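Structural description and commentary
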Amino acid sequence: MADTLVQKGLTEGIDLPFLVRKFLSSASVRDIQCDYAFDYWGKGTQVTVSAAQASVPTSLFPLSQCGSDSGYVTLGCVTAEFLPANSVTFKWKDASGSELSDFIQYPDFQVNGKYSKVSQIKIKDSDWEAKKSYTCEVEYPNGNKKATLIKPVEQLRLPSLYLMLPSEEEGLQNQTSTFVCLARDFAPQSHKFHWVYNGNYLPGESSGEQKGSDGNYTASSYLVVSHASWASAGAVRCEFEHKSGNLTKEAWQAPLSAELTPPSQRELFLNNKIVLKCIITGADSAAVKGAQVTWKVAGKEPNSQTTLSAAESLKNGKSRRVSSLEVEMADWFSGSVVECQVSDPRYGMLKASPLTTSIKKSDGGDPEVIIYTLPDSKVASQEESVVCEVRGPSLGDVYIMWRVDGGNYMEGNSGNLKRDNGNESVVSILTVPSESVTEATLFTCAVKYSGMENYTAPRVEQHSKTQLSVELTPPSQRELFLNNKIVLKCIITGADSAAVKGAQVTWKVAGKEPSSQATLENGESRKVSSLEVEMANWFSGSVVECQVSDPRKGVVKDSSLMKSIKKIDGGDPEVIIYTLPDSKVASQEESVVCEVRGPSLGDVYIMWRVDGGNYMEGNSGHLKRDNGNESVVSILTVPSESVREATLFNCAVKYGGMKDHTTPYLKKYSKTTETPSAPTVTVLQRPGQLVCLVSDFSPSAIKITWLKNGMRIDEEGPDHGPGQSISTAQVSKGHDRKFSTHSHLNLTSGDWDSGMRFTCLVTHVTGELSRNISKPAPLSVELTPPSQRDIFLNNKIVLKCIITGADSAAVKGAQVTWKVAGKDPSSQATLENGESRKVSSLEVEMADWFSGSVVECQVSDPREGVVKDGPLTTSIKKSDGGDPEVIIYTLPDSKVASQEESVVCEVRGPSLGDVYIMWQVDGGNYMEGNSGHLKHVNGNESVVSILSVKSENVTEATLFTCAVKYAGMENYTAPRVEQHSKTTETPSAPTVTVLQRPGQLVCLVSDFSPSAIKITWLKNGMRIDEEGPDHGPGQSISTAQVSKGHDRKFSTHSHLNLTSGDWDSGMRFTCLVKHVTGEVSRNISKPEPQNEVLFHDDNMADAVTEDTIAETLNMAWAFLFLFLFSLLYGCTVTLIKVK
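It should be emphasised that the depicted structure is a prediction, and the values quoted were computed from it without experimental measurement.

Conventions adopted
The residue numbers shown here count from 1 along each chain, following its written sequence. Totals for whole chains, interfaces and linings use every residue, but because this is a predicted model, local features are given only for residues with pLDDT of at least 70 and side-chain atom pairs only at 80 or more, for both listing and counting. The basis for every side-chain value is the complete set of heavy atoms in the structure, and neither hydrogens nor water enter the calculation. Numbering of helices and strands runs from the N terminus; a helix is a DSSP stretch of H or I covering at least four residues, while a strand is a stretch of E covering at least two. Summary of the burial criterion: residues with accessible area below 20% of their type's maximum are buried, those above 50% are exposed, and those between are partly exposed, where the area comes from a 1.4 Å probe applied to protein chains only. Contact criterion: two residues are considered in contact whenever any of their non-hydrogen atoms come within 4.5 Å of each other. Values of accessible area rely on a 1.4 Å probe in the Shrake-Rupley scheme; residue burial ignores everything except the protein chains shown. By convention in this document, the label disulfide applies to cysteine sulfur atom pairs within 2.5 Å. One requirement defines pairing of two strands: DSSP has to find at least two bridges between them. A residue's pLDDT is the predictor's confidence in that residue, given on a scale from 0 to 100. Side-chain atoms within 4.5 Å link the members of a nonpolar core, which is a set of buried Ala, Val, Leu, Ile, Met, Phe, Trp, Tyr and Cys residues. Salt bridge, as used here, is a side-chain nitrogen of Lys or Arg placed within 4 Å of a carboxyl oxygen of Asp or Glu. Any pair of nitrogen or oxygen atoms within 3.5 Å is treated as a polar contact; in protein, a donor-acceptor pairing is required on top of that, and neighbouring residues in sequence qualify only through side-chain atoms on both sides. Each pair of aromatic rings taken from Phe, Tyr and Trp, with Trp reduced to its six-membered ring, is defined by centres within 6.5 Å and is described as stacked if the planes are under 30 degrees apart, edge-to-face if over 60, and tilted in the remaining cases. Two conditions define a charge located above a ring, namely a distance within 6 Å from the ring centre to NZ of Lys or CZ of Arg, and an angle within 35 degrees of the ring normal. Grid spacing is 1 Å over the protein atoms alone, the probe is 1.4 Å, and a cavity is where that probe fits but cannot get out, while a pocket is an open set with protein on both sides within 12 Å along at least five of seven lines and lining residues have an atom within 4 Å of a point. Grid points are joined across faces, edges and corners, and a volume is the space filled by probe spheres set on the points. Classes in brief: Ala, Val, Leu, Ile, Met, Phe, Trp, Tyr, Cys and Pro nonpolar; Asp, Glu, Lys and Arg charged; the others, Gly included, polar.

Along the protein chain, the regular secondary structure elements total 17 helices and 84 strands. Taking all 1139 residues of the protein chain together, 37% fall into the buried category. Sequence-distant contacts in the protein chain: of pairs separated by 6 or more residues, those separated by 24 or more amount to 62%. When the accessible surface of the protein chain is totalled, it reaches about 63300 Å², and 49% of it is carbon and sulfur.

Turning our attention to the state of the cysteines. Applying the stated criterion across every chain yields a total of 10 disulfides. Covalently, cysteine 77 is tied to cysteine 136 through a disulfide, its sulfur atoms 2.3 Å apart. Of this pair, cysteine 77 sits in strand S3 (residues 72–82) while cysteine 136 sits in strand S9 (residues 134–140), and the two are 59 residues apart along the sequence. Cysteine 136 matches cysteine 77 in its accessibility class, with the two residues each being buried. Shown here is the disulfide that connects cysteine 1003 with cysteine 1071, its sulfur atoms set 2.0 Å apart. Handedness of the cysteine 1003-cysteine 1071 disulfide follows from its S-S torsion of about -80°: it is left-handed. Of the two residues, cysteine 1003 is situated in strand S75 (residues 1000–1008) and cysteine 1071 in strand S81 (residues 1069–1075); the sequence distance between them amounts to 68 residues.

One ladder, built from seven bridges, connects S75 with strand S80 (residues 1050–1057); its direction is antiparallel. Bridge pairing links valine 1005 to threonine 1052 in S80. In this structure, strand S78 (residues 1037–1039) lies alongside S80, joined through three bridges in antiparallel fashion. Residue pairing in the sheet places serine 1038 in a bridge with histidine 1055 of S80.

Mean pLDDT over the protein chain stands at 76; residues scoring 70 or higher make up 79%. Taken as a whole, residues 1–33 scores under 50 in pLDDT and shows 74 contacts with residues more than four places along the chain or in a different chain. Of the regions scoring below 50 in pLDDT, residues 715–723 engages in seven contacts with residues more than four places distant in sequence or in other chains.

It is worth spelling out the sheet that holds strand S53 (residues 711–712) at this point. If you trace the four strands from one edge of the open sheet to the other, you get S53-S52-S57-S58, paired in antiparallel fashion. The open sheet has two free edges, formed respectively by S53 and strand S58 (767–773), since each of these has just one partner strand. Of the strand pairs in this sheet, strand S52 (residues 702–708) and S53 are connected by two bridges, and their pairing is antiparallel. When the bridges of S53 are listed, lysine 708 appears paired with methionine 711.

Take the nonpolar core next. By size, the foremost hydrophobic cluster in this structure holds 27 residues, and its most contacted members are Ile486, Leu488, Trp507, Val533, Trp538, Val544 and Val548. Counting 26 residues, the second-largest nonpolar core is a separate cluster that includes Val811, Val859, Tyr916 and Met918.

With that settled, consider the pattern of salt bridges. Inspection of every chain in the model, using the stated rule, returns 22 salt bridges. Taking the shortest distance from any N to any O, the salt bridge between lysine 93 and glutamate 137 comes out at 3.7 Å. A residue pair is termed long-range when its members are at least 10 positions apart, and lysine 93 in strand S4 (residues 89–93) and glutamate 137 in strand S9 qualify at 44 residues. Ionic pairing is found between arginine 320 and glutamate 312, a salt bridge with its closest N-O pair at 2.9 Å.

With that settled, consider the side chain of histidine 1055. Tracing the backbone through its elements, the reader meets histidine 1055 in strand S80. Take histidine 1055: its relative accessible area is 15%, and that puts it in the buried class. In terms of polar contacts, histidine 1055 uses its side chain to reach the side chain of glutamine 1000, at 3.2 Å. A distance of 3.0 Å separates polar atoms of two side chains, one belonging to histidine 1055 and the other to histidine 1053. Setting aside anything within four residues of it in sequence, one finds histidine 1055 in contact with Arg997, Gln1000, Leu1001, Val1002, Trp1017, Ser1036, Ile1037 and Ser1038.

Applying the stated criterion to the full structure yields six aromatic pairs. Summarising the aromatic geometry, the rings of phenylalanine 186 and tyrosine 217 are spaced 6.3 Å apart at their centres and angled 35° between planes, so their arrangement reads as tilted. Of this pair, phenylalanine 186 sits in strand S12 (residues 176–186) while tyrosine 217 sits in strand S16 (residues 217–226), placing them 31 residues apart in sequence. Across the pair, exposure class does not vary: phenylalanine 186 and tyrosine 217 are buried alike. Taken together, Phe186, Phe193, Tyr217 and Phe240 form an aromatic cluster joined through their ring pairs. Here the basic side chain of arginine 403 rests over the ring of tyrosine 409, its NZ or CZ set 5.1 Å away from the ring centre.

With antiparallel pairing, the four strands of this open sheet are ordered in space as S77-S76-S81-S82. Of all the strands in the sheet, just strand S77 (1022–1023) and strand S82 (1078–1084) have a single pairing partner and so form its edges. In the sheet, strand S76 (residues 1013–1019) pairs with S81 via seven bridges, with the strands oriented antiparallel. Looking at the pairing, lysine 1014 lines up with lysine 1074 of S81.

Enumeration over the complete set of coordinates arrives at two cavities of 30 Å³ or more. When its volume is computed, the second largest cavity comes out at roughly 50 Å³. Every residue along the wall of the second largest cavity is listed here: Thr373, Glu384, Val386, Val437, Phe443, His463, Ser464 and Lys465. Here the residues of the lining of the second largest cavity sort into three nonpolar, three polar and two charged.

Mapped onto the secondary structure, serine 1060 falls in helix H16 (residues 1060–1064). Residue serine 1060 is classed as exposed on the basis of its relative accessible area of 56%. Note: C-alpha distance between serine 1060 and glutamine 1000 (60 residues apart in sequence) is 9.6 Å.

The element strand S28 (residues 383–392) is largely enclosed, with a buried count of seven among its 10 residues. Taken together, the six bridges between strand S27 (residues 368–373) and S28 define a ladder with antiparallel strand orientation. Within S28, the position partnered with isoleucine 371 by the bridge is cysteine 388. Bridge analysis of S28 against strand S32 (residues 423–433) gives 10 bridges, and the strand direction is antiparallel. Bridge assignment links glycine 392 to a residue of S32, and that residue is glutamate 424.

Note that the residue after leucine 83, namely proline 84, is joined by a cis bond; omega there is -5°. Relative to the elements of secondary structure, proline 84 occurs in the loop between S3 and S4. Geometrically, the link from alanine 187 to proline 188 is a cis peptide bond, its omega value of 0° lying close to zero. In this fold, proline 188 is placed in the loop between S12 and strand S13 (191–197).

Our focus in this paragraph is the environment of glutamine 341. With respect to the element layout, glutamine 341 can be found in strand S25 (residues 338–343). Since its relative accessible area comes to 33%, glutamine 341 is described here as partly exposed. In this structure, the C-alpha to C-alpha distance between glutamine 341 and alanine 258, residues 83 residues apart in sequence, is 8.4 Å.

Okay, here's the thing in structure tokens:
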């Protein structure tokens, strides 16, 4: 019989109560705990305590041995938390209910003031494997509890298998190629790896297994071969053998590559055919010539014949061959997958298996199609360009062709798909000779796209110089709020005033004639038709159409234009209202902001009321999208003199998804409604002065008082002396709408040196806060948290109690006492003595630390006269927290230390507790990074560790591993890991903005990844650096180095110095950005002068032209002249009469 666990607990220091608590906390009465340490159970030793009030057992916990021992398996039961001792007994029964006698019942032992008891029995291994059941029953005075034990079904989990290929750098530097096969999250533990290379089994090297906190295992195996054999069409396969099933992963260095191109737009429009091309290329011309191609459409042989071109040589030394297939339109637009399979039948290449590539139509919604002309080019004045832009939230496949005056289809210059602010767009540009374009030339942009129902007839948009343009404006917010009316305006404009005047307008609401009459306003080159739509029709989502036609002879080919508009539905938004920070420039005004935001807003209308007055409009911005949310902002600015503490601002909002569209949603604000925010108080000491920093409070009313040993300094009279003057700064307001201030107290050296206690007392509407400060004591004690290195490398918890002080004699004589959970520790502490620093180190049991035991370090100074201060005690314990989020990313490149690269591991969550972080590079030894303190931001906590390594040691495949142990983890011996390498980054398209400032244009390029990018400046479509001497010294270009942000995306900027002549002459400048994700360009030129002077006034809605102003001034001068003439005439007549 093996030694008992109870005896081992008494003789070898094993904490039996702790083990029982662990068992009881990890399963319920119906769970069976498989325990590898079960052999420790034996005869036992009885523990007796005094009598107490009787209580029944709270649990019965079954145990089973994980393996067998000489043909037998040991089963056990633990019952706990009963009183008094010796009040429970065990019984064991087999599946038939017969009692078993050959079992052991151990003496009671105490756990937390109550008793626990253990019983075990040995059964035949064959009976256990046969799934025979056994019952453990505990009897006590008031009843009994039962637990059934049967061999549990083994949990089988098939892993995720990954095969990692060698890097090019390894082959060039070491002439080797290393393959890694990783099996992640499998169970049980037993497994085997097999490697097959070029048809032969080769031995690999396994790295062992790691057990995760979820009980699953992860393992890996390595295979190293020569680089030459892999480069010359090698083939590798990793086989994983496991009880749950077998898996394989394979790869090969294919001699051929295949690319399947999208349909030809020409064939699609001219012949209504879908023609796909499978392009085979390779360095081995024999492999290309002998390649065999097989096509599949929706998994079946295609109906049409394929063509295969002869092999041709390319400039890069490779060969190419093309196979073409015509696919049925119905198959393509229904989303069928088309596959091209390429195989090399030559002897010895069958191991590479066929090379298969596939393509299918990408689905998308109905896009918006717009057509417009590019500005005239002064350099290339013999050509004109027309643009067709197709855009929408999700485009899918888009095909664009052109027709001029109804002629044959022709292709334009089409760009790649671009993504910007949640929208996608494709642009096609058609350029034709200027001499062939007249006023009536009609350009037609024909578009076919994935989601269209009739894919044989394209969607068309047309444009000509004589064409009218139509804009259908959304409802007027003023009419909506003041009169509960929906008023839409259809605005017709054009260069040909006769066409504008003759335009005919027809309205439709939900496909029918509207019940109300439209009104017309005519201008020189502008016509406006207004229609009042029923509120019910608009908010039910009815489509409103404005159709404009030009009946003139000769323009019939461009007979009509139609624009439609409808309410955009959205969910219920969040509405917040706040004030803008005080403006130092315009201090006579105050601004209030109403922000409406949500995942999907739809239509939003915002108006304001002040103190219940009339509705008024604010300054509303456009819809913005950011991180999956949408927002609209309206700003109301009023004179400061009209705003009191009780002034009430009402933001009234109507939106697409609201049920009652007659009553707006209201959000109110006044200075008295601000939510109070308690201040943060910090006291600092600097030579001759104390500073009390008070921040983050609201409202602004606050009072700061200084105390010395509990008495107000201003109450002490002459005693506090002139050296203790107080100065408090004015309260200031920050951008977060919270306030801050600070107060200074000048000190006398005598008061500070004598150990006086100074207090900064802050009184606010949220309550009182005080912070004390005094000269530090002769001794100070700091209890440091565990060393991360010891936790990771040695699985040890080592704490250090550091005693420092200015008095070296006090430091040397200090006595240190340790306590763990209120008791003397089992291990001995070690001491290190220095001149004015003493360190006492203690190794704490991992189980004690992670169970939350408090560790105390007590320091006392036994010298006479210092006993009055008593012992100085500090304590520490593990801080509990939840499971955190772990993210890893690289820091921006450093211009100062460009020879280093930095990787960041950030651990964050609502409640972190203790966090320990270490690093591994390419699976090497653990190393410490530069870890920061715990930070609190917006209700979350975070800890950051930064690892800096030499750039020369970092390749594209270098793998950084951040290993984290934290307070709340169940298995504190195995860290949680997150990994990062440069090859894992996802490409991100750049955002481009062009700004103009005196003498210079600035192109800002941001949010792109990877970092490779090219910026080119164009003037009227021509590269500036290609213009030669013409561009002059004033147009120098400077482009900054690419920098990396905290979001792991890159940014840069380019400056173009301007000559005043070019800018004043209206030249068009373009910033062209080329990136792996595509091309992005932004244009800028000097704005054209305005011909109208517009006044914004509620009582004058129309524009006032300059002619009207001149006429008004002339009338004023005429009136003044007549008035003066009348006055002189009257005076003259009076003088004559008097004489």
